[in-house]
Amino acid sequence: MNELRSPGYWIGHFFTVSATIIGVYYAAIVGFDVALRLELVTSDRSTYYVAESMYQELDFNVENMERYIKRIEKEKFVYQEHIAGIKLNDYVFQASKYSESTFEIEPKLLTEVSIYYFSVGNAIKFYYDTEMKSPDRLMVVVKREAEKLATQRTLERLAAYNKALSDTVESRGVKLSQPGFDF
């Protein structure tokens, strides 16, 4: 009981309790900061992979449609055999609907990509997949959308966006796997 009346007892316990409170407070701040940085780098990494996949798919589609455009340039009339097998690869674009990382991509870029898929996809469905109403009209839409992407520099801007995002992620110490490496 005499210990409870001793000032040394109370001073010692005061410092112990104070140190515990301060230690827990700083640990919480540091832990929160680390968790926040981890969440940001994870989010940026996921966004990079979605955006890079979207870029590669869009680049493939543009090149594929350019082959059809070149094939019909020398033709006076466009017939079904000139554009036989025309398809739009939209696997990544469709799958990206289910990723919250998709909406971290710059909205203007995402809108331009979406409009391309919407316009070309609907034209292929309408003019090619159903009763082949007019292959010539389909190619008008394909040319117009390809020119629009080129004028807006969508592919270049998406590549620059991906490069900046990649640099940000790698500056935080996370290595992004490059195509053909590190599986």
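Scroll up for the structure.
First, a word on scope: everything that follows refers to the structure included in this document. (Residues numbered from 1 in each chain as written. Predicted model: local features only at pLDDT ≥ 70, side-chain atom pairs only at ≥ 80, totals over all residues. Heavy atoms only, no water.)

## Regarding the packing of helix H2 (residues 7-73) against helix H6 (residues 154-171)
Across the interface, H2 lies against H6 with an axial gap of 9 Å and an inter-helix angle of 155°. The pairing of H2 with H6 is recorded here as roughly antiparallel in orientation. Judged by the twist between their axes, the crossing of H2 over H6 is left-handed. Packed against H2, whose contacting residues are Val41, Asp44, Arg45, Thr47, Tyr48, Ala51, Glu52, Met54, Tyr55, Leu58, Asp59 and Val62, the element H6 presents Thr154, Leu155, Leu158, Ala159, Tyr161, Asn162, Leu165, Ser166, Thr168 and Val169 at the interface. (Axes fitted to C-alpha atoms, helices over the stretch in contact; angles between N-to-C directions. Helix = DSSP H or I, 4+ residues; strand = E, 2+ residues; numbered from the N terminus. Parallel < 35°, antiparallel > 145°, perpendicular 65-115°, else oblique. Left-handed = near helix turned anticlockwise from the far one by under 90°. Contact = heavy atoms within 4.5 Å.)

## Points about the packing of aromatic side chains
All chains considered together, the criterion is met by 6 aromatic pairs. A centroid spacing of 5.6 Å and a plane angle of 65° characterise the contact between Phe14 and Phe15, whose relative ring orientation is edge-to-face. For Phe14, a relative accessible area of 53% puts it in the exposed group. Judged by its relative accessible area of 52%, Phe15 is exposed. With centroids separated by 5.5 Å and ring planes inclined at 65°, the aromatic side chains of Tyr25 and Tyr26 adopt a geometry described as edge-to-face. The class of Tyr26 is exposed, set by a relative accessible area of 53%. Joined through ring pairs, the aromatic side chains of Phe93, Tyr116 and Tyr117 make up one cluster. (Phe/Tyr/Trp six-rings, centres within 6.5 Å; stacked < 30°, edge-to-face > 60°. Buried < 20%, exposed > 50% of the residue type's maximum accessible area, 1.4 Å probe, protein only.)

## Here's the deal with empty space enclosed by the protein
Following the criterion strictly, the structure yields 1 cavity of 30 Å³ or more and no others. If you add up the space inside the largest cavity, you get close to 30 Å³. In this structure, the largest cavity is lined by Glu112, Ile115, Tyr116, Glu145, Lys148, Leu149 and Gln152. Of all elements in the fold, only helix H4 (107-129) and helix H5 (135-152) reach the threshold of two or more residues within the lining of the largest cavity. The leading source of residues in the lining of the largest cavity is H5, at 4 residues. (1 Å grid on protein atoms, 1.4 Å probe; cavity = no way out; pocket = protein on both sides within 12 Å on 5 of 7 lines; lining within 4 Å. Points joined across faces, edges and corners; volume = space filled by probe spheres on them.)

## Digging into the environment of Val50
Inspection of the secondary structure assignment puts Val50 in helix H2. Sequence spacing of Val50 and Gly85 is 35 residues, and the spatial spacing of their C-alpha atoms is 27 Å. Sequence-distant contacts of Val50, that is, excluding residues within four places in its chain, are made with Ser96, Ser99, Ser101, Thr102 and Ile105.

## Concerning the layout of surface pockets
The computed volume of the largest pocket comes to approximately 300 Å³. Forming the boundary of the largest pocket are 14 residues, of which Leu88, Asp90, Tyr117, Gly121 and Lys125 lie nearest the centre. Only helix H3 (91-95) and H4 provide two or more residues apiece to the lining of the largest pocket. The element that contributes the greatest number of residues to the lining of the largest pocket is H4, accounting for 8 residues. Of the residues in the lining of the largest pocket, the class split is 5 nonpolar, 4 polar and 5 charged. (Nonpolar A, V, L, I, M, F, W, Y, C, P; charged D, E, K, R; others polar.)

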